[in-house]
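Structural description and commentary
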Amino acid sequence: METSDKTARQIWADIKANPQRARFGYGRKAVLVNIDFQCAYTRVDEFKTAYETDPRQIEHVNALARRFRALGWPVVWTHVAYAESGEDAGVWGTRTDTPDSLQNIKHGSRRAAFDARCEIQTGAHGRDLVYSKRMPSPFFETPLQSLLVWHQVDTVVITGGSTSGCVRAAAVDSLSRGYRTIVPEQCVADKHESYHFANLTDLMLKYADVVDVAETLGWLDERAQESA
């Protein structure tokens, strides 16, 4: 095992600065999967389970979503919420039982509610899709895979949190299903910089292209120009 005195942030900076790093690249059509932008994880002023890495994260995600909608490409928002009994959290919900525990994010609660800063357009307002998930990956026991097949996408753009948890799980499952996987760096967040940057490094080296959000926005603008 290689050892280092560098921090996770420094190692990530080295990886990101390498011009020779291999890329999966974008395909021809993408889905935007926004993971768990709910108050339990975004409202640092309310909940100790919440976290913030880039203060403009939601602003960047909204910008991505607007471009996806303009192209007619799917936009998905996920959140976690559980029954009053918590039994649908399975083993994941057995380690602790406090007001902040995962299985105590109940349907209809403030913790389960999406952050009001998110521009979610459903029903009469738009075609965004909202999925309730119970495990880390948005692919697990949700309609996401069927949606991607229907839309014939080959690329999955992932945002949300946490970088070391649900975002990582989503990226692994996305790659495992044969999708080019893109993680805009400014659009993901975690509780601690060590977890965040270590997992960005691991994602870049193994499962996804971790890119500046401006790159993804630029790619979407190019697709819009081509289809104009």
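Residues numbered from 1 in each chain as written. Predicted model: local features only at pLDDT ≥ 70, side-chain atom pairs only at ≥ 80, totals over all residues. Heavy atoms only, no water.

**Quick look at the pattern of salt bridges**
Convention followed: Between Lys or Arg on one side and Asp or Glu on the other, a salt bridge is scored when a side-chain nitrogen of the former is within 4 Å of a carboxyl oxygen of the latter. To qualify as a helix, a DSSP run of H or I must reach at least 4 residues; to qualify as a strand, a run of E must reach at least 2; elements of each kind are numbered from the N terminus. For each residue, the accessible area found with a 1.4 Å probe, counting protein chains only, is set against the maximum for its type, and the residue is called buried under 20%, exposed over 50%, and partly exposed in between.
In this structure the tally under the stated criterion is 20 salt bridges. Among the salt bridges present, the one from Arg-23 reaches Asp-209, with a minimum N-O distance of 3.2 Å. Of the two residues, Arg-23 sits in the loop between α1 (8-17) and β1 (30-35) while Asp-209 sits in strand β7 (residues 209-211), which places them 186 residues apart along the sequence. A relative accessible area of 1% means that Asp-209 is categorised as buried. Linking Arg-168 and Asp-202 is a salt bridge whose minimum nitrogen-to-oxygen distance equals 2.7 Å. Taken together, the residues span a long stretch of sequence, with Arg-168 in helix α5 (residues 163-176) and Asp-202 in helix α6 (residues 193-207) at a distance of 34 residues. Taking relative accessible area as the criterion, Arg-168 reaches 22% and is therefore assigned partly exposed. Connected through salt bridges with shared partners, the residues Arg-23, Asp-209 and Glu-215 form a single ionic network.

**Let's talk about unusual backbone geometry**
Residue Gly-161 is joined to Ser-162 through a cis peptide bond whose omega torsion reads -10 degrees. Inspection of the secondary structure puts Ser-162 in the loop between β4 (155-161) and α5. Of note in the backbone geometry, Asp-36 takes a positive phi value of approximately 55 degrees without being a glycine. You can see Asp-36 is positioned in the loop between β1 and α2 (39-42). A relative accessible area of 4% places Asp-36 in the buried class. A positive phi angle is found at Glu-141, which is not glycine, with a value near 55 degrees. Looking at the element boundaries, Glu-141 is found in the loop between β3 (129-133) and α4 (144-151). Classification of Glu-141 as exposed rests on a relative accessible area of 69%.

The values are spatial; any link to function lies outside them.
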